[in-house]
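A look at the structure
This is what each chain is made of:
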Amino acid sequence: MAGQATVLEDGSRLSQLDRHLLKLERFLALISGIAVFGLMVLAVVSVSGRNAINAPLPGYVDWIEQAMPLIAFLGISFVQRDGGHIRMDIVISRLHGRALWLFELISVLLILVLMLALVWGSWSHFDRSFDFGAPLWSRDSSIDIGIPLWPAKLLAPVAFSVLCARLVLQVWGYGRAFVLGLETPVAVPLLQDAAAQAAAEAEQFEGQD
């Protein structure tokens, strides 16, 4: 499972790129959160309309389908940066030094290869849907109210490309740590032990009383 992690920063070029990419990742994660809130509003409007005037929101299911890529994909790079995806911490926590960085490097490289394949496949899927000569530039649309599907399909390769950029930085970070034998590399998620997690959580709530 995923545990609490921290990402260190310094004045290196790698850390600067990490911080620049983080700004984009936070923006995309914000859009994802707004999409979740928007779906909640749509649900309230649809249910209220059904109960009050027997007229639910037209195309409610279509709008949900359009919002799913926003919710599912836009935040994945932000979560990868903080080490929040599902992972075998019980195994990784037993490794130290170069063995740990080598394991992390191999893992991230495998993920990067997979994501590059997904970028290619998802872009091809979008390309089949997009057409400048078609109405609303779309060869296909939703069933109920005819929303063009290409914007939702475009979100997948965009989000996956941002994740690939994050993975490249982590390959750089883990590779640098492995070669130099660093104990606390920058721009990669470092797992915290139970005491460090408790201290971090206490710091978050400090001063909120």
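In case you missed it, the structure is sitting above this.
Calculation rules
Residues numbered from 1 in each chain as written. Predicted model: local features only at pLDDT ≥ 70, side-chain atom pairs only at ≥ 80, totals over all residues. Heavy atoms only, no water. Phe/Tyr/Trp six-rings, centres within 6.5 Å; stacked < 30°, edge-to-face > 60°. Buried < 20%, exposed > 50% of the residue type's maximum accessible area, 1.4 Å probe, protein only. Helix = DSSP H or I, 4+ residues; strand = E, 2+ residues; numbered from the N terminus. Expected span 1.5 Å × (residues − 1). Salt bridge = Lys/Arg side-chain N within 4 Å of Asp/Glu carboxyl O.

Moving on: the packing of aromatic side chains. Counted according to the given criterion, the structure contains 10 aromatic pairs. Relative to tryptophan 137, the ring of phenylalanine 130 lies with its centre 5.9 Å away and its plane at 70°, an arrangement referred to as edge-to-face. When its relative accessible area of 15% is taken as the criterion, phenylalanine 130 is described as buried. On the accessibility criterion, tryptophan 137 (41% relative accessible area) is partly exposed. Seen from their ring centres, phenylalanine 130 and tryptophan 150 are 4.9 Å apart, and the 85° between their planes marks the pair as edge-to-face. Residue phenylalanine 130 is located in the loop between α5 (97–129) and α6 (150–180), and its partner tryptophan 150 is located in helix α6; the two are separated by 20 residues in the primary sequence.

Moving on, we come to α6. With 31 residues, α6 should cover 45 Å at 1.5 Å per step; its first-to-last C-alpha distance of 45 Å lies within 8% of that length. Looking at the residues trailing α6, positive phi occurs at glycine 181, about 70°.

If you walk through the whole model with that rule in mind, you get 8 salt bridges. A salt bridge links glutamate 9 to arginine 19, with the nearest nitrogen and oxygen atoms 4.0 Å apart. Separated by 10 residues along the polypeptide, glutamate 9 in the loop between β1 (5–7) and α1 (13–53) and arginine 19 in helix α1 bring together distant segments of the chain. When its relative accessible area of 27% is taken as the criterion, arginine 19 is described as partly exposed. A salt bridge links arginine 81 to glutamate 9, with the nearest nitrogen and oxygen atoms 3.5 Å apart. One end of the pair, arginine 81, is in helix α3 (residues 76–81); the other, glutamate 9, is in the loop between β1 and α1, and 72 residues separate them in sequence. Given the relative accessible area of 6%, arginine 81 is considered buried. Under the relative-accessibility criterion, glutamate 9 is labelled partly exposed at 45%.

Taken by themselves, the reported measurements are silent on function.
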